[in-house]
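Below are the chains, spelled out letter by letter.
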Amino acid sequence: MNTNTHTSRKPLPSLLGGVGGGSELLQTLLRNKTRSFLTGFGVFWGVFMLVALMGGGSGMKEMLNTNFEGFATNAAMVWAQTTTKPYHGFRKGREWNLTTDDVERLRQQVAQLDVISPVCSRWGMQVVRDEHTMSCNVKGLLPEYVGVEAPKLHYGRYLNEMDIAQHRKVCVIGKRIYKTLFPAGGDPCGQFVRLDSAYYSVVGVDYGGGNMNINGSADESVVIPLTLMQQAYNLGDRLELIAFTAREGTAVADITPRVREVIARAHDVDPTDDKAVTVFNTEVLFGLMDNLFDGVDILIWLVGIGTLLAGAIGVSNIMMVTVRERTTEIGIRRAIGATPRTILTQIISESILLTAVAGMAGILFAVLVLQGMELGFTENGIPKAHFQVGFWAALGALALLAVLGVLAGLAPAARAMAIKPVDAMREE
């Protein structure tokens, strides 16, 4: 009798062991393909939105950052404008200029400054090489200017101290000037270009791609030694502006009043005349950009997670309907020995499988769309920005999917466990 009992119950472990198995899960979900598809589409779209927004936001952030590429985040510029207040017997509306002495004044009287670099500029000049001509801006700079706006040298070098000390007729040209004057390409270093009637030897090509430039775009500028420019164009000690950076740990806004006061008093200008001594603080601009990006990131997560939750709620609702339809089946399983844990595992597994398949499809589709966007922003084989999500971001999305799959199956599973075999048979 014991043997017969054992034989009659032998199929039971097979039946119960199959609960939650891969083939059975697929059969359950494929039993109603349309419903499973529409339910999974909510999760698919939520994951797609989250990943696509994350990758797209990252790419747009990278593109915006290229506008400030190479520019110091703790920099500022000061320049002179017409006075708007009377001071020391001078009427308002007086014209005045910065001088090279102001650089030394700032260096001695404002200890919190790090890099201090004067700038001279001339606009609308013609740079010529053989039959090639282009309009350009000419900038007179010192080597330390790289601490404010770092060049991206494609060929050669930047200005050095010997160029300044010996008034060498050398220049660094921008990308567009290089492509216009040297259409055949190649290294232009050592060749000459003409500005007005003077010839300058090219020592470098700046491929800096940032759009935040001082006194004209770097792409269309010819950089020559400051001392040579002052001498060649009879500028004396006059400067267009002074660029500076603050030392680490010092905010530019904290030292701006002191910078304005040192310069203003040296030129009999009211230190409170903000327009006469104009200071443009790029640190504020970078701070605004950082806050903007943080806000965009928060918005992306809110929209993505909100859409995902909506999809998960849809999965939970459909699983509730499925449990109701399978009341008899679940009751029979409970009658032949299926434990509540077994029923719980089955329902949650179905929920996780539906969520995972739809979610992985959403991630894959988002990656394909982002790859297409990256190709669309590629120039000369070089992408302007990378519209992709990082490994940890993708891993986080997968973890979120798993959690949502479990949560979506909890309520239906609790309902399934509450089904009593007697009630199921009576309903049948």
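Since this is a predicted model, take the numbers as computed values, not measurements.

### Notes on the overall build of the chain
Working step 1: On a plain count of helices and strands, the chain comes out with 14 helices and 14 strands.
Working step 2: Per-residue burial for the chain yields a buried fraction of 43% across its 428 residues.
Working step 3: Counting only contacts in the chain whose residues sit at least 6 apart along the sequence, the fraction spanning at least 24 positions is 78%.
Working step 4: As presented, the chain carries roughly 21800 Å² of accessible surface, and 59% of it is formed by carbon and sulfur atoms.

### Some points on the packing of helix α5 (residues 100-109) against helix α9 (residues 252-266)
Packed helix pairs are specified by the crossing angle of their axes together with the interaxial distance, meaning the distance between the axes.
Working step 1: Axis separation between α5 and α9 bottoms out at 10 Å; the angle between their running directions is 135°. Taken together, α5 and α9 sit at an angle that is classed as oblique. The handedness of the crossing between α5 and α9 comes out as right-handed. Taking contact as the criterion, the partners of Asp102, Arg105, Leu106 and Gln109 in α5 are, on α9, Arg258, Val259, Val262, Ile263 and Ala266.
Working step 2: In terms of residue class, the contact of α5 with α9 is made up of 5 nonpolar, 1 polar and 3 charged.

### Things to note about the pattern of salt bridges
Working step 1: Tallied over the entire structure, the rule returns 8 salt bridges.
Working step 2: Notably, a salt bridge pairs Asp102 with Arg105, separated by 2.6 Å at the nearest N-O pair. Of this pair, Asp102 and Arg105 both sit in helix α5, 3 residues apart, which is roughly one turn of that helix.
Working step 3: For Arg105, a relative accessible area of 25% corresponds to the partly exposed category.
Working step 4: The partner of Arg107 in a salt bridge is Glu104, with the nearest N and O atoms 3.3 Å apart. Linking Arg107 with Glu104, this pair stays in helix α5, spanning 3 residues, or about one helical turn.
Working step 5: Salt bridges sharing partners connect three or more residues here, namely Arg157, Asp163 and Arg168.

### With respect to the nonpolar core
Working step 1: Among the nonpolar cores identified, the biggest contains 51 residues, and Leu106, Val127, Ile173, Leu195, Val222, Ile224 and Phe244 are the most heavily contacted of them.
Working step 2: The dominant element in this core, judged by the number of residues it contributes, is α9, at 6 residues.
Working step 3: Those residues in contact with Leu106, other than ones at most four positions away along the chain, are Leu113, Ile116, Ile242, Val259, Val262 and Ile263.
Working step 4: Val43, Ile343, Leu370 and Phe387 belong to the second largest nonpolar core, which has 25 residues in total.

### Some points on α9
The α-helix advances 3.6 residues per turn, and as a result positions three or four apart in sequence lie on the same side.
Working step 1: Relative to the 21 Å expected for 15 residues at 1.5 Å per residue, α9 spans 21 Å between its end C-alpha atoms, a close match to the ideal helical length.
Working step 2: Looking only at α9, the buried set comprises Val252, Ile255, Thr256, Val259, Arg260, Val262, Ile263 and Ala264.
Working step 3: Just downstream of α9, Asp268 is the residue with a positive phi angle, here 55°.

### Section: α5
Working step 1: Turning to α5, its buried residues are Asp102, Val103 and Leu106. Seen from one end, α5 has its buried residues packed into an arc of 110°, which puts them on one side.
Working step 2: Packed against the buried residues of α5 are β2 (98-99), β3 (113-129), β10 (238-239), β11 (241-246) and α9.

### As for the side chain of Asp219
Working step 1: Tracing the chain through its elements places Asp219 in the loop between β8 (198-206) and β9 (221-225).
Working step 2: Of the buried charged residues, Asp219 lacks a salt bridge, with Lys175 as the closest side chain of opposite charge at 6.1 Å.
Working step 3: The contact partners of Asp219, leaving out residues within four places of it in the chain, are Gly174, Lys175, Arg176, Ile177 and Gly208.

Calculation notes
- Residues numbered from 1 in each chain as written.
- Predicted model: local features only at pLDDT ≥ 70, side-chain atom pairs only at ≥ 80, totals over all residues.
- Heavy atoms only, no water.
- Helix = DSSP H or I, 4+ residues; strand = E, 2+ residues; numbered from the N terminus.
- Buried < 20%, exposed > 50% of the residue type's maximum accessible area, 1.4 Å probe, protein only.
- Contact = heavy atoms within 4.5 Å.
- Areas by Shrake-Rupley, 256 points an atom, 1.4 Å probe, with all protein chains shown as cover.
- Axes fitted to C-alpha atoms, helices over the stretch in contact; angles between N-to-C directions.
- Parallel < 35°, antiparallel > 145°, perpendicular 65-115°, else oblique.
- Left-handed = near helix turned anticlockwise from the far one by under 90°.
- Nonpolar A, V, L, I, M, F, W, Y, C, P; charged D, E, K, R; others polar.
- Salt bridge = Lys/Arg side-chain N within 4 Å of Asp/Glu carboxyl O.
- Core = buried A, V, L, I, M, F, W, Y, C linked by side-chain atoms within 4.5 Å.
- Expected span 1.5 Å × (residues − 1).
- Arc of directions from axis to C-beta.
- Lys, Arg positive; Asp, Glu negative; His and termini not counted.

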